[in-house]
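Descriptive analysis of the structure
The lines below spell out each chain.
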Amino acid sequence: MRRIISAVLILMLCAASLIVWSGDRAYACSCVESSVKEKLERYSAVFTGKVVKIGGDSIFSSRQYKKYTLDVDTAWKGVDEKKMKILINNMGEGACGTTLTHNQFYLIFANQNEKDGKLYSSLCSGNLQLEQAGEAINMLGKGTPVSSVDFRGSSGYRNSWMIYLYGGGAVVILALTGGWLWRRKQRRA
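1. Quick look at the nonpolar core
Grouped together as the largest cluster of nonpolar side chains are 17 residues, with contacts concentrated most on F47, Y68, L70, I86, L100 and I108. When contributions to this core are tallied by element, the ones reaching two or more residues are β1 (45-60), β2 (63-77), β3 (83-89) and β4 (105-112). Broken down by element, this core gets its largest block of residues, four residues, from β2. Once residues within four sequence positions are removed from consideration, I86 is found in contact with F47, K66, K67, Y68, L70, L100, I108, A110 and L119.

2. Considerations on a nonpolar patch on the surface
On the surface, M1, I4 and I5 cluster together to form a nonpolar patch covering roughly 360 Å² of accessible area. With respect to the secondary-structure elements, M1 resides in the segment before α1 (2-21).

3. Observations regarding unusual backbone geometry
Here the phi dihedral of N103 falls at roughly 65°; this positive angle occurs in a residue that is not glycine. In this fold, N103 is placed in the loop between β3 and β4.

4. Concerning the pattern of salt bridges
A full pass over the atoms with the stated rule returns two salt bridges. As a salt-bridge pair, D71 and K82 come within 3.5 Å of each other at their nearest N and O atoms. Of the two residues, D71 is situated in strand β2 and K82 in the loop between β2 and β3; the sequence distance between them amounts to eleven residues. Of the charged contacts in the structure, one is a salt bridge between D71 and K83, with a shortest N-O distance of 3.9 Å. Placement of the pair is D71 in strand β2 and K83 in strand β3, with a sequence separation of twelve residues. Using a relative accessible area of 22% as the deciding quantity, one classes D71 as partly exposed. In the salt-bridge network here, residues are joined through shared partners; they are D71, K82 and K83.

5. A closer look at the confidence of the model for the protein
Mean pLDDT over the protein stands at 80; residues scoring 70 or higher make up 77%. Looking at the elements of the protein, mean pLDDT is at its lowest for α1, recorded as 68, and at its highest for β4, recorded as 94. Scored below 50 in pLDDT, residues 153-159 shows nine contacts in the model against residues more than four places distant or in partner chains.

6. Brief notes about the pairing of β3
Extensive coverage of β3 is indicated by the burial of five of its seven residues. When β3 meets strand β5 (residues 119-121), the two strands line up parallel, connected through three bridges. What sits directly across from L87, in β5, is Y120.

What counts as what
Residues numbered from 1 in each chain as written. Predicted model: local features only at pLDDT ≥ 70, side-chain atom pairs only at ≥ 80, totals over all residues. Heavy atoms only, no water. Core = buried A, V, L, I, M, F, W, Y, C linked by side-chain atoms within 4.5 Å. Buried < 20%, exposed > 50% of the residue type's maximum accessible area, 1.4 Å probe, protein only. Helix = DSSP H or I, 4+ residues; strand = E, 2+ residues; numbered from the N terminus. Contact = heavy atoms within 4.5 Å. Patch = residues over 30% accessible without salt bridge, like charges linked within 9 Å, V, L, I, M, F, W, Y side chains within 5 Å. Areas by Shrake-Rupley, 256 points an atom, 1.4 Å probe, with all protein chains shown as cover. Salt bridge = Lys/Arg side-chain N within 4 Å of Asp/Glu carboxyl O. pLDDT = per-residue confidence, 0-100. Pairing = 2+ DSSP bridges.

Shown next, in the form of structure tokens:
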């Protein structure tokens, strides 16, 4: 009888330990409050845009992120394309995660990761739906309206060194073609 009671107690202890330690990791989100002007200084990209695409979940280290593509309307800082992609922590508010809604407009604050060059944002970034961002946008001041013409698509022409490279290449090709035609003409004469 003693063995049965001991076995039952050990099983209960094991079951209790599974209940206590079987849960997912617990995170606590604690955001530092800052003004809109401080956010403009602190974040590497600040812009308004419409969510046009929501990508799948990706796991980087121990955090889970969702990729969002936004069609940018107005930029204050760090915008280099009409369509910006950002990764947002997708682990729930307890872990500083948040989600954006497809076809909704937002004021976005994001930081560029030095290791992978991607833009990241979270609950603590202070992203706002555009309807709620009026006061914040007034504090930011006049932004720069963004159109696809500003970036000439994704062909790379927005970089001035690429314009010089392509222009220089065209001049070299023209010079070689002109030289070849001149030599050909001289040989015939």
